[in-house]
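# Structural overview for review
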Amino acid sequence: MSWLFAPVPKARIAAFRTLLYLFVPLDLIFFSAWIKSHGSLPGDLYQPLVIGRLLHLPTPTHLLVNSIYYALIPLSLLAATGRAHRLLGWTVFALYFEWMIIAMSYGKIDHDRYAILVALAVLPTAGKARHGDQTPSEAGGFALRATQVAVIATYFLASIAKLRYGGLAWLTGATLTRSFIRRGTVLAQWLLKIPYFTTVSQFGIVAFEILSPVVFFVKPKWRYAIVAGFYVFHLLTFSLITISFIPHQIAMTAFLPLEKVTPIRWLRRNRTAPAKLEPAAAEV
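Rules behind the numbers
Residues numbered from 1 in each chain as written. Predicted model: local features only at pLDDT ≥ 70, side-chain atom pairs only at ≥ 80, totals over all residues. Heavy atoms only, no water. 1 Å grid on protein atoms, 1.4 Å probe; cavity = no way out; pocket = protein on both sides within 12 Å on 5 of 7 lines; lining within 4 Å. Points joined across faces, edges and corners; volume = space filled by probe spheres on them. Helix = DSSP H or I, 4+ residues; strand = E, 2+ residues; numbered from the N terminus. Nonpolar A, V, L, I, M, F, W, Y, C, P; charged D, E, K, R; others polar. Salt bridge = Lys/Arg side-chain N within 4 Å of Asp/Glu carboxyl O. Buried < 20%, exposed > 50% of the residue type's maximum accessible area, 1.4 Å probe, protein only. Phe/Tyr/Trp six-rings, centres within 6.5 Å; stacked < 30°, edge-to-face > 60°. Lys NZ or Arg CZ within 6 Å of the ring centre and 35° of its normal. Contact = heavy atoms within 4.5 Å.

### Some points on the layout of surface pockets
Of the volumes computed, that of the largest pocket is approximately 1,700 Å³. For the largest pocket, the lining is made up of 48 residues, of which Asp110, His111, Asp112, Ile243 and Phe245 are closest to its centre. Of all the secondary structure elements, the ones that give two or more residues to the lining of the largest pocket are helix H4 (85–104), helix H5 (114–122), helix H6 (138–166), helix H8 (175–183), helix H10 (197–210) and helix H11 (220–241). Class assignment of the residues belonging to the lining of the largest pocket gives a composition of 29 nonpolar, 10 polar and 9 charged.

Structure below.
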């Protein structure tokens, strides 16, 4: 249990909280704006996920979808300040959760949102945190650890799903070849000319996903190297088939020492620093 509640500096929680809540409006405006169109779809197309049925969530309408959209943006910006962290945090989570239910209840379910949902769910429990505060916090440690577990579960369970539904054919078949032909970039089209490149890559992807939990059992410097490898993997994925895992990558910053990046403190110092006096003109 001590591993699950390993304390982290409160400054890390403050930085993670600011980053996460600032991303939510960007997500709504740039990455998931397509969800707004679900409010205009016929109600009989809505096939809610299991959790949606259990909670008896309403069928999306134009009013419901737009209300969530226009409420989430200002509330997320307020939550990014760290004030009223429980009230605003739970509210943002509830609205974003419903936003995801609406998104994934029409036949397409993405797995790049799981970790960020977990992060939004646990952040309200992390307690107060200010930028620059190096006080260790077990509650904050739990919030980051839960997010880390969700990040790695996304990889590991993806490999299980590949083998469960695709079997060995996912590894030895034309999985990536089809993806490269259907939506591949110029780089992907060039790599198709290399014999066995896609087959070797398929084995490499599954191995990477199955072995991803190793990140929890290595020393910090190796952990950061592995996390950097995760980011490189997503960069390559985007450069080959333009699939973006931006929400997942935002959640993945839970592995990083974010307290060392201090733009807020830098802005405060520069705002409060006295203006430098101009040197007196030399007397003639």
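Moving on from the model shown.
### Describing the pattern of salt bridges
This model, assessed by the stated rule, comprises 5 salt bridges. Between Asp110 and Lys108 there is a salt bridge, with its nearest N and O atoms 2.4 Å apart. The shortest N-O distance in the salt bridge between Glu209 and Lys162 comes to 3.0 Å. With Glu209 in helix H10 and Lys162 in helix H6, the pair connects residues that are 47 residues apart, well separated along the chain. The exposure classification of Glu209 matches that of Lys162, with both residues buried. Through salt bridges with shared partners, a single network forms among Asp27, Asp112 and Arg113.

### What to know about the packing of aromatic side chains
Aromatic ring pairs are reported here in terms of the distance separating the ring centres and the angle at which the planes meet. One pass over the full model with this rule turns up 12 aromatic pairs. When the centroid spacing of 5.8 Å and the interplanar angle of 50 degrees are considered together, the rings of Tyr46 and Tyr106 count as tilted. Here Tyr46, found in the loop between helix H1 (10–31) and helix H2 (50–54), pairs with Tyr106, found in the loop between H4 and H5; they are 60 residues apart in sequence, far enough to count as distant. What links up through ring pairs into an aromatic cluster is the set Tyr155, Phe208, Phe230 and Phe233. Here Lys36 stacks its cationic end above the ring of Tyr69, 4.4 Å away from the centre of that ring.

### Comments concerning the environment of Trp170
Locating Trp170 in the fold gives a position in helix H7 (residues 168–172). By relative accessible area, which is 16% here, Trp170 ends up buried. Here the alpha-carbon distance between Trp170 and Ala126, two residues 44 residues apart in the chain, equals 40 Å. Setting aside residues up to four positions removed in sequence, Trp170 forms contacts with Lys162, Thr175, Gln202, Ile205 and Val206.

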